[in-house]
Amino acid sequence: MPYAKVFVGFASTPAALADTVRTGATAIGQLPDVDLKSWEDLRIGGTILLDAIDGAIRESSVSIFDVTQLNENVLFELGLAIGADRIVWPLRDASDVTKALAW
């Protein structure tokens, strides 16, 4: 069975959306032969290092990003993944209208 490395990027706010993505990521991470890391797993002393995120994205088989809030950090990570020729799965909660004008 193939081994999949997955990276998940999402904004920490709003909390309800972050919890939803985190719950889904946890479920994916519990699948056999899946090694899942989120940006939260890469915190070192409360600080996230760009090199750690870049490395996790480059090592991933697929990277999942919640772009609902158009968070600049998440969009940057998405750009890293695209630039690294990774498979990306963007997520968007269309019922969240807080960024409707921006979309």
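Heads up: the structure comes first, above all this text.
Residues numbered from 1 in each chain as written. Predicted model: local features only at pLDDT ≥ 70, side-chain atom pairs only at ≥ 80, totals over all residues. Heavy atoms only, no water.

What exactly am I supposed to notice about the pairing of strand S1 (residues 4-9) here?
Successive side chains on a regular strand alternate, one facing one side of the sheet and the next facing the other. Both S1 and strand S2 (residues 34-38) contribute to a ladder of five bridges, which runs parallel. Within the sheet, the bridge partner assigned to Val8 lies in S2 and is Ser38. The parallel pair S1 and S2 is bridged by helix H1 (residues 15-29), and the resulting crossover is right-handed. Bridge analysis of S1 against strand S5 (residues 62-66) gives four bridges, and the strand direction is parallel. From the neighbouring strand, Phe7 faces S5, where its bridge partner is Ser63. (Pairing = 2+ DSSP bridges. Helix = DSSP H or I, 4+ residues; strand = E, 2+ residues; numbered from the N terminus. Right-handed = clockwise from strand over helix to strand, strands pointing away.)

So what exactly am I meant to see when it comes to the sheet that holds S2 here?
Strand pairing in a sheet relies on backbone hydrogen bonds, with the paired strands running either antiparallel or parallel. If you trace the four strands from one edge of the open sheet to the other, you get S2-S1-S5-S6, paired in parallel fashion. In this open sheet, the two edge strands, each paired with only one partner strand, are S2 and strand S6 (87-91). Averaged over all pairs of adjacent strands, the angle between their axes in this sheet comes to 20 degrees, without regard to strand direction. Where H1 meets the sheet, its contacts fall on S1, S2 and S5, and the angle it forms with S2 comes to roughly 160 degrees. Running at roughly 135 degrees to S1, helix H2 (residues 50-59) makes contact with S1 and S5 of the sheet. (Axes fitted to C-alpha atoms, helices over the stretch in contact; angles between N-to-C directions. Contact = heavy atoms within 4.5 Å.)

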